[in-house]
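Commentary on secondary and tertiary structure
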Amino acid sequence: VSAENGTVTGAGEYNHGTEVTLNATPAEGYHFVKWSDGNTDNPRTIIVTEDITLGVELELMTYIVTVSCNEIHGVVSGSGTYKYGETVVLTATANDGYEFAQWSDGTTDNPYSIIVQKDLTLEAQFVPVTAVNNIETKENQSIKMIRNGQLLILRDGKTYSVMGQEM
């Protein structure tokens, strides 16, 4: 077994008839599959009757990444089965009238790169785009409402906050 995959204890020289316990300990991200003779017990107890050489099969674990969203609001990509330590890119694309807000874990990155270390389920959350264009005021200024109710004043080709600060 490779040291990066795990360790095995119990190897050594023993007298005939000695009971020996072999134990394979997978490294993080790996799991025990079987011994080279097909036995799947771990730990495993044997009685020494002859020289024996056993290998162990340790395999990189796989995990399921599931991404979803309300299909009216948008689409997502990145769901699948991935090996431990693999980098996965999740993407949320908003439909007309919506914009991406965040993933259900609070992350606002989009695309969102993650390193797989466990099963993961995330939902992309979208918000409606709220905009009212070209509302004429008495001073002939256009006002546009941007998300979260923030009002901007458009005047002479420049954008200003409600407080008159140029944006």
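An account of the accompanying structure is given in this report. (Residues numbered from 1 in each chain as written. Predicted model: local features only at pLDDT ≥ 70, side-chain atom pairs only at ≥ 80, totals over all residues. Heavy atoms only, no water.)

Now for the sheet that holds strand β6 (residues 62-68). Across the sheet, which stays open at both edges, the 4 strands sit in the order β8-β6-β12-β10 with mixed pairing between neighbours. Because the sheet does not close on itself, it has two edges, and the strands there are β8 (80-83) and β10 (98-103). Here the strands of the sheet are splayed against their neighbours by 30 degrees on average, with no regard to which way each runs. Bridging between β6 and strand β12 (residues 120-128) involves 4 bridges; their strand directions are parallel. (Pairing = 2+ DSSP bridges. Helix = DSSP H or I, 4+ residues; strand = E, 2+ residues; numbered from the N terminus. Axes fitted to C-alpha atoms, helices over the stretch in contact; angles between N-to-C directions.)

What follows covers the packing of aromatic side chains. According to the stated counting rule, one finds 5 aromatic pairs in the structure shown. Between the aromatic rings of Trp 103 and Tyr 112, the centroid separation amounts to 6.2 Å while the plane-to-plane angle is 35 degrees, which identifies the pairing as tilted. Each member of the pair, Trp 103 as well as Tyr 112, carries the same accessibility label: buried. Taken together, Phe 100, Trp 103, Tyr 112 and Phe 126 form an aromatic cluster joined through their ring pairs. (Phe/Tyr/Trp six-rings, centres within 6.5 Å; stacked < 30°, edge-to-face > 60°. Buried < 20%, exposed > 50% of the residue type's maximum accessible area, 1.4 Å probe, protein only.)

Note: strand β7 (residues 74-77) against strand β9 (residues 87-94), 4 bridges, orientation antiparallel. Paired with Ser 77 across the strands is Thr 91, a residue of β9. Relative to strand β11 (residues 112-115), β9 is paired through 4 bridges, and the arrangement is antiparallel. Bridge assignment links Leu 90 to a residue of β11, and that residue is Tyr 112.

Let us look at the pattern of salt bridges. All told, the structure shown has 1 salt bridge when counted by the stated rule. Of the charged contacts, one joins Asp 37 and Arg 44 as a salt bridge, the two residues approaching to 2.7 Å between their closest N and O atoms. (Salt bridge = Lys/Arg side-chain N within 4 Å of Asp/Glu carboxyl O.)

Our next topic: unusual backbone geometry. A cis amide bond, omega 5 degrees, links Asn 42 with the succeeding residue Pro 43. Summarising the element assignment, Pro 43 is placed in the loop between β3 (30-35) and β4 (44-47). With an omega of 5 degrees, the peptide bond between Asn 110 and Pro 111 qualifies as cis. When you line up the elements, Pro 111 lands in the loop between β10 and β11.

This paragraph deals with the side chain of Arg 44. Mapped onto the secondary structure, Arg 44 falls in strand β4. Among the polar contacts made by the side chain of Arg 44, one reaches the side chain of Asp 37 at a distance of 2.7 Å. Excluding residues that lie within four positions of it along the chain, Arg 44 makes contacts with Val 20, Thr 21, Leu 22, Trp 35, Asp 37, Asn 39 and Leu 54. (Polar contact = N/O pair within 3.5 Å; in protein donor to acceptor, adjacent residues only side chain to side chain. Contact = heavy atoms within 4.5 Å.)

Attention now moves to the sheet that holds strand β1 (residues 6-9). With respect to topology, 3 strands assemble into an open sheet ordered β1-β2-β4, the strand pairing being antiparallel. Looking at the sheet topology across the chains shown, the edges are occupied by β1 and β4. Looking at each pair of strands side by side, their axes are set apart by 20 degrees on average, direction ignored.

This paragraph deals with the nonpolar core. If you look at the biggest cluster of nonpolar residues, it comprises 17 residues, and the most contacted ones within it are Leu 90, Trp 103 and Ala 124. Counting residues per element, the ones that place at least two in this core are β6, β9, β10, β11 and β12. Contact partners of Ala 124, with chain neighbours within four places excluded, come to Ser 68, Cys 69, Val 76, Ala 92, Phe 100, Gln 102 and Trp 103. Core analysis: the second largest hydrophobic core is formed by 9 residues, Leu 22, Ala 24, Ile 46 and Leu 58 among them. (Core = buried A, V, L, I, M, F, W, Y, C linked by side-chain atoms within 4.5 Å.)

As far as function goes, none of this settles anything; it's purely spatial.
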